[in-house]
Amino acid sequence: MKSIREQVAAWARTKSPWIIHFNSGSCNGCDIETVAALTPRFDVERFGIVQHGSPRHADVLIVTGAVSKQQKDRLVRIYNQMANPKFVVALGACAAGGGVLQNCYGVLGGADKAIPVDLYVPGCPPRPEALIDGVVKLLSGIKGVENAK
Amino acid sequence: MEMIKELLIQLFEILIYPGLLFLFVAALLADWIDRKLYARMQNRQGPPWYQPLADFVKLISKETIIPKHAVGKHLFRVLPYLAISAVVVCIFFIPISGSLALMSFQGDLIAAAYLLSIPTMCFFLIGWTSSSPYSAVGAMRVLTQFFAYEVPMILVLIGPAIVAGSWRIEDIAYYYSANPSMMFVNILGFIVALITMQGKLERVPFDIPHAETEIVGGVFTEYSGKLYGFIKLAISIEMIVVAALFNAVFMGGSLGLEGFLGFLLFCFKVLIIILISAIIRSAMARVRIEQMINFCWRVLVPIAMLQLIISIIARAFHG
Ligand code: SF4
């Protein structure tokens, strides 16, 4: 049994995911879709999703694109700058496993080669609906994640 | 027995109404109403009513990181609380539901204006202690902006004081309740006050100190968890306090109503101020810092001066 304090905290966490978007070597297709998802048309504020510029404020790190060897250090640094509890969404085929860029000489592979990833959203690029669906699924799964830890 | 009763009443006033709890609830509600109005003006649904509460609880329950390179670690921790306590103390000078404030003395208008500038100073110091490039730039902008909007703001707050012939917020509100027609003398000043309020609360078009697209999170870049939650709360409370101050000084306070009716009127007028602020926010884009300073010094200050002259003339004829 979780205490009331933990339950309230878990409720708040699922209702207020603040995201930060990081491009780890994407072709820019996924980034355009991420930005499109933040426009008034999709109204992600319904779910409490707000984009924040500073990693210190954000809860969900959205990684787009295959991780290039140069970007790896930056990605890890951004991840370490975020406050616990934090979650990572790998957006697009490239972030999930390298995608079309996987055999390039400068590419390390998917985002999970550098940092732990909680959720993968497939697509090249994924539609904004897929991203919103992914973040909402991630949140409904948060309670399960908490129990597993 | 009497003493204990008095003590309990005082505790109630400080902790519940119109003190901490009332301000907390009002700030969260105001935040939600503001965001909802903003969303509706963009033709979207907007956040649910519990959104600010969820944000606050989430931030409280998150890890709080104190950066290794922060210069004053204690200062870093204390500043958000200092900002919040300054705005909470400020509400005690302002009459809310009736014609009486919790505390009042001759000249408390100036005290309230000073208390309201303490959060700005705290935000400047916050940027300074974080010692990150983004927050340093943000801190500089906070100060520059402060010198631009504070002068017209204080100038227009003087206007009603001259007309009412008193530097007490209570007396000013009482004077306007007794002579509602005199409120129109200060209409220019009220407009200037509403514009400078956007600067004070760092909202669009004057959100230059924490412009996300330029300097990440501005002064608050390094803040996380509990401390950031309190900073956000301080800004929301500041919005309520500034609205309450304008209500008392420009809109005649409770207009002679007492108790529950007075409280309803207060809520209504604060809502109007939030609505105007949301309209300004959604209709405009961010200006550059030097445009803002030019606008404040070249447009707002002359209007405020004109308002001052009008007030003095009105006082001579009426008083
Ligand atoms: S998944 Fe497709 S759109 Fe996204 S970064 Fe890779 S190649 Fe570009």
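Reading guide: rules and limits
- Residues numbered from 1 in each chain as written.
- Chains lettered and ligands numbered in written order.
- Predicted model: local features only at pLDDT ≥ 70, side-chain atom pairs only at ≥ 80, totals over all residues.
- Heavy atoms only, no water.
- pLDDT = per-residue confidence, 0-100.
- Contact = heavy atoms within 4.5 Å.
- Pairing = 2+ DSSP bridges.
- Helix = DSSP H or I, 4+ residues; strand = E, 2+ residues; numbered from the N terminus.
- Buried < 20%, exposed > 50% of the residue type's maximum accessible area, 1.4 Å probe, protein only.
- 1 Å grid on protein atoms, 1.4 Å probe; cavity = no way out; pocket = protein on both sides within 12 Å on 5 of 7 lines; lining within 4 Å.
- Points joined across faces, edges and corners; volume = space filled by probe spheres on them.
- Nonpolar A, V, L, I, M, F, W, Y, C, P; charged D, E, K, R; others polar.
- Axes fitted to C-alpha atoms, helices over the stretch in contact; angles between N-to-C directions.
- Expected span 1.5 Å × (residues − 1).
- Buried area = accessible area lost by both parts, 1.4 Å probe.
- Salt bridge = Lys/Arg side-chain N within 4 Å of Asp/Glu carboxyl O.
- Polar contact = N/O pair within 3.5 Å; in protein donor to acceptor, adjacent residues only side chain to side chain.

## What to know about the confidence of the model for chain A
Atom-level detail of predicted coordinates should not be read off regions where pLDDT is low.
Phase 1 of the analysis: When pLDDT is averaged across chain A, the result is 83; 94% of the residues are at 70 or more.
Phase 2 of the analysis: Between residues 144–149 of chain A, whose pLDDT stays under 50, and residues either more than four places distant or in other chains, the model counts two contacts.

## Here's the deal with the pairing of strand β1 (residues 18–23) of chain A
Residues and elements named next belong to chain A.
Phase 1 of the analysis: Note: β1 against strand β2 (residues 50–51), two bridges, orientation parallel. Bridge pairing in β2 links W18 to V50.
Phase 2 of the analysis: In this sheet, strand β3 (residues 60–64) lies alongside β1 in parallel orientation, the contact comprising five bridges. By the bridge assignment, N23 is partnered in β3 with T64.

## A few points about the environment of W49(B)
Residues and elements named next belong to chain B.
Phase 1 of the analysis: Relative to the helices and strands, W49 resides in the loop between α2 (20–41) and α3 (51–61).
Phase 2 of the analysis: Its relative accessible area of 60% is what places W49 among the exposed residues.
Phase 3 of the analysis: In sequence terms W49 and R35 are 14 residues apart; their C-alpha atoms lie 9.8 Å from each other.

## Some words on the layout of surface pockets
Phase 1 of the analysis: The calculated volume of the second largest pocket comes to roughly 350 Å³.
Phase 2 of the analysis: Taken together, 14 residues line the second largest pocket, and the ones lying closest to its centre are P55(A), Q81(A), Y134(B), T221(B) and E222(B).
Phase 3 of the analysis: Taken together, the elements giving at least two residues each to the lining of the second largest pocket come down to α3 (69–81) of chain A together with α6 (133–164) of chain B.
Phase 4 of the analysis: Its residues assigned to classes, the lining of the second largest pocket comprises six nonpolar, six polar and two charged.

## Side note on the sheet that holds strand β5 (residues 87–91) of chain A
Residue and element names in this part refer to chain A.
Phase 1 of the analysis: With parallel pairing, five strands are arranged side by side in an open sheet as β2-β1-β3-β5-β7. Single-partner strands in this sheet number two, and they are β2 and β7 (119–121).
Phase 2 of the analysis: In this fold α3 packs onto β1, β3 and β5, with an angle of close to 170° to the strand it touches most, β1.

## Quick notes on helix α1 (residues 4–15) of chain A
Phase 1 of the analysis: Over its 12 residues, α1(A) extends 17 Å from the first C-alpha to the last, a length consistent with the 16 Å expected when each residue adds 1.5 Å.
Phase 2 of the analysis: Those residues of α1(A) lying buried are A9(A), A10(A), A12(A), R13(A) and T14(A).

## Some remarks on the pairing of β3(A)
Phase 1 of the analysis: Burial runs high along β3(A): five of the five residues are buried.
Phase 2 of the analysis: Every second residue of β3(A) is oriented toward a common face, with V60(A), I62(A) and T64(A) on one face and L61(A) and V63(A) on the other, all of them buried.

## Observations regarding the interface of chain A and chain B
Phase 1 of the analysis: In this assembly, 27 residues from chain A lie in contact with 27 residues from chain B.
Phase 2 of the analysis: Summing both partners gives a buried area of about 2300 Å² for chain A against chain B, and 56% of it is carried by carbon and sulfur.
Phase 3 of the analysis: In terms of surface lost to chain B, no three residues of chain A exceed E45(A), R56(A) and H57(A), which account for 28% of the buried area on that side.
Phase 4 of the analysis: Note that R44(B) and E45(A) form a salt bridge whose closest N and O atoms lie 2.9 Å from each other.
Phase 5 of the analysis: Where chain A meets chain B, there are 18 residue pairs in polar contact (both at pLDDT 80 or more).
Phase 6 of the analysis: Per-element tally for the side of chain A that touches chain B: the top contributor is α1(A), with six residues.
Phase 7 of the analysis: Looking at side-chain class alone, the side of chain A that touches chain B contains 12 nonpolar, eight polar and seven charged residues.

## Examining empty space enclosed by the protein
Residue and element names in this part refer to chain A.
Phase 1 of the analysis: Taken as a whole and assessed by the stated rule, the structure comprises four cavities of 30 Å³ or more.
Phase 2 of the analysis: The volume enclosed by the largest cavity comes to roughly 50 Å³.
Phase 3 of the analysis: For the largest cavity, the full set of lining residues is I19, T34, A37, L38, V44, I49, L131, I132 and V135.
Phase 4 of the analysis: Among the elements of the structure, α2 (29–37) and α5 (128–140) are those that each provide at least two residues to the lining of the largest cavity.
Phase 5 of the analysis: Per-element accounting of the lining of the largest cavity gives the leading share, three residues, to α5.

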